[in-house]
Amino acid sequence: MEQKNNKTITTSAPGKLLLLGDHAVVYGFPCLVTAVNYRVFVEVSTSDKDEFLFPEGNNNHFVQAVLELFRKTYNVHQHVRVQTRTGQKESYGLGSSSAVTVALAKALSGLFFLDLSKKELFDLCYQVVLNVQGVGSGFDIAAAIWGGTLYFVTGGKEIEPLQVETLPLIVAYSGSKGNTATLVKGVGALYKEKPEKVGQLFFQSKELVEKGKQFLVAQNFAEFGKLMSHNHTLLQQLGVSTPKLDEMATAAVHAGAYGAKLSGAGGGDCMIALAPEEKRISVEKALKDVGGTILSVKTDEEGVRIKHE
Ligand code: PMV
């Protein structure tokens, strides 16, 4: 299909944080994920040659892969100009690559007059993640598309939006980056080596997610926090935590948080804590004292959207 047009389409998609179920979600188990206000903006228009402008971030693999798969799937051959903007100089592991993937696919569908359903957009973008990274559950793609807080099962087998208010979450960056693909492959190797032990950990993770879903919907943050701390111990046993993440999670709980855990693949990136509002200042101070950088994160953010001029 080849329709010439002079439109410019601007979209944005949110980042994400994994609340419960990290790693197990790669193996057919569920997780709970919330979309966050670290949005990525994408602007596309048709052009005489392909042009890419990435002032910040390093998501060009994903941009190229979206374009390639989109062209192949929808038989589009026109050149495009793509500009991305994240609003941050640093990447904190809050899902800028999934957000850019979703925002660009949505923008291209608008530019070439395709009315894709959320599930069609998910399938396209999840395939992009697999093409670039080789591994992944797709939870971050779902968060970028649906927004809000989701109960999600591997590959989008179940995607259930939950009625949850903004969570009293405190997010601290550990100061180093984790490599998702390497960490996921590491857990895969451990699963092969010790199938019973790792299978047990995944099963416990599933139980935490199922209970956590009920507590979240009931706004029972005190109980949900305990599940987060329990989930952190499972992730420690999978070997994906770091001394810094452990130190931050312990400091947060000592300062009055309901619970705390690493979020995502581990090996660095962010720690998240759930705390009563009156403890926020002391928890943030405790996290800074052990070297964490507090990020101002709002949860339950809206999913991908097209900006209407
Ligand atoms: O490292 P992140 O924030 O992209 O999170 C990865 C989460 C995993 O469960 C380890 C992998 C996945 O794709 O679900």
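Residues numbered from 1 in each chain as written. Predicted model: local features only at pLDDT ≥ 70, side-chain atom pairs only at ≥ 80, totals over all residues. Heavy atoms only, no water.

Caption draft 1: Seen up close, the pairing of strand β1 (residues 8–20). Where burial is concerned, most of β1 is hidden: 12 out of the 13 residues are buried. Two elements, β1 and strand β11 (residues 305–307), share 3 bridges in a ladder whose sense is antiparallel. Following the sheet pairing, T11 is matched in β11 by I306. (Buried < 20%, exposed > 50% of the residue type's maximum accessible area, 1.4 Å probe, protein only. Helix = DSSP H or I, 4+ residues; strand = E, 2+ residues; numbered from the N terminus. Pairing = 2+ DSSP bridges.)

Caption draft 2: Geometry of the packing of helix α7 (residues 221–237) against helix α8 (residues 243–254). At a minimum axis separation of 12 Å, α7 and α8 run at an interaxial angle of 160°. Taken together, the axis directions place α7 and α8 in an arrangement best described as roughly antiparallel. The way α7 lies across α8 gives a crossing that is left-handed. Seen from α7, the contacting residues are S229, H232 and Q236; seen from α8, they are L245, D246, A249 and V253. In terms of residue class, the contact of α7 with α8 is built from 3 nonpolar, 3 polar and 1 charged. (Axes fitted to C-alpha atoms, helices over the stretch in contact; angles between N-to-C directions. Parallel < 35°, antiparallel > 145°, perpendicular 65-115°, else oblique. Left-handed = near helix turned anticlockwise from the far one by under 90°. Contact = heavy atoms within 4.5 Å. Nonpolar A, V, L, I, M, F, W, Y, C, P; charged D, E, K, R; others polar.)

Caption draft 3: How the structure looks around the sheet that holds strand β7 (residues 169–173). Read from one edge to the other, the open sheet built from 4 strands follows the order β8-β9-β7-β10, with strand pairing classed as antiparallel. Each end of this open sheet is capped by a strand with a single partner; those strands are β8 (259–262) and β10 (293–295). Neighbour-to-neighbour, the strand axes of the sheet open up by a mean angle of 30°, direction not taken into account. Against the sheet, α7 makes contact with β7, β8 and β9 (270–274), and its axis sits at roughly 35° relative to β8, the strand it touches most. Contacts between α8 and the sheet are confined to β7, β8 and β9, with β9 contributing the most and set at about 15° to the helix.

Caption draft 4: Seen up close, the packing of aromatic side chains. Applying the stated criterion across every chain yields a total of 10 aromatic pairs. A centroid spacing of 6.3 Å and a plane angle of 40° characterise the contact between F70 and F112, whose relative ring orientation is tilted. Of this pair, F70 sits in helix α1 (residues 60–74) while F112 sits in the loop between α2 (96–111) and α3 (118–133), placing them 42 residues apart in sequence. Each member of the pair, F70 as well as F112, is classed as buried. Pairing F122 with Y126 gives two aromatic rings, centres 5.6 Å apart and planes at 25°, and the pair type is stacked. You can see F122 and its partner Y126 sitting in helix α3, 4 residues apart, about one turn around the helix. Classification of F122 as buried rests on a relative accessible area of 0%. One aromatic cluster in this structure is built from Y27, F29, Y191 and F202. Its end group placed over the ring of F41, R85 keeps NZ or CZ at 4.5 Å from the ring centre. Lying across the ring of Y151, K213 places its NZ or CZ 4.2 Å from the centre. (Phe/Tyr/Trp six-rings, centres within 6.5 Å; stacked < 30°, edge-to-face > 60°. Lys NZ or Arg CZ within 6 Å of the ring centre and 35° of its normal.)

Caption draft 5: Here's a closer look at the nonpolar core. L32, L169, L216, M271 and L295 are the most contacted members of the largest nonpolar core, which has 59 residues in total. Ignoring anything within four residues of it in the chain, the contact list for L295 reads Y38, Y92, L94, V171, Y173 and C270. The next biggest cluster of nonpolar side chains, apart from the first, holds 48 residues, and it includes V44, F62, A142 and L150. (Core = buried A, V, L, I, M, F, W, Y, C linked by side-chain atoms within 4.5 Å.)

Caption draft 6: Fine view of α7. Taking 1.5 Å of rise per residue, the 17 residues of α7 would be expected to cover 24 Å, and the 25 Å separating its terminal C-alpha atoms lies within 8% of that figure. For α7, every residue scored as buried is listed here: F221, F224, G225, L227, M228, N231, H232, L234 and L235. One side of α7 carries all its buried residues, which in axial view fall inside an arc of 165°. (Expected span 1.5 Å × (residues − 1). Arc of directions from axis to C-beta.)

Caption draft 7: Expanded view of the site of the ligand. Neighbouring residues of the ligand: 14 residues in total, closest K16, H23, S137, T180 and A265. Side-chain polar atom of T180 to an oxygen atom of the ligand: 2.8 Å apart, as the coordinates give it. Residue A265 places a main-chain N or O atom 3.1 Å away from an oxygen atom belonging to the ligand. Here the ligand loses 93% of its free accessible area of 380 Å² to cover by the protein chains. Assessed atom by atom at 2 Å from the grid points, the ligand resides in the largest pocket. Within the residue set of the shell around the ligand, elements represented by two or more residues are β1 and α5 (180–193). Grouping the amino acids of the shell around the ligand by side-chain chemistry returns 6 nonpolar, 6 polar and 2 charged. (Near = heavy atom within 4 Å. Polar contact = N/O pair within 3.5 Å; in protein donor to acceptor, adjacent residues only side chain to side chain. Areas by Shrake-Rupley, 256 points an atom, 1.4 Å probe, with all protein chains shown as cover. 1 Å grid on protein atoms, 1.4 Å probe; cavity = no way out; pocket = protein on both sides within 12 Å on 5 of 7 lines; lining within 4 Å. Sits in = over half its atoms within 2 Å of the grid points.)

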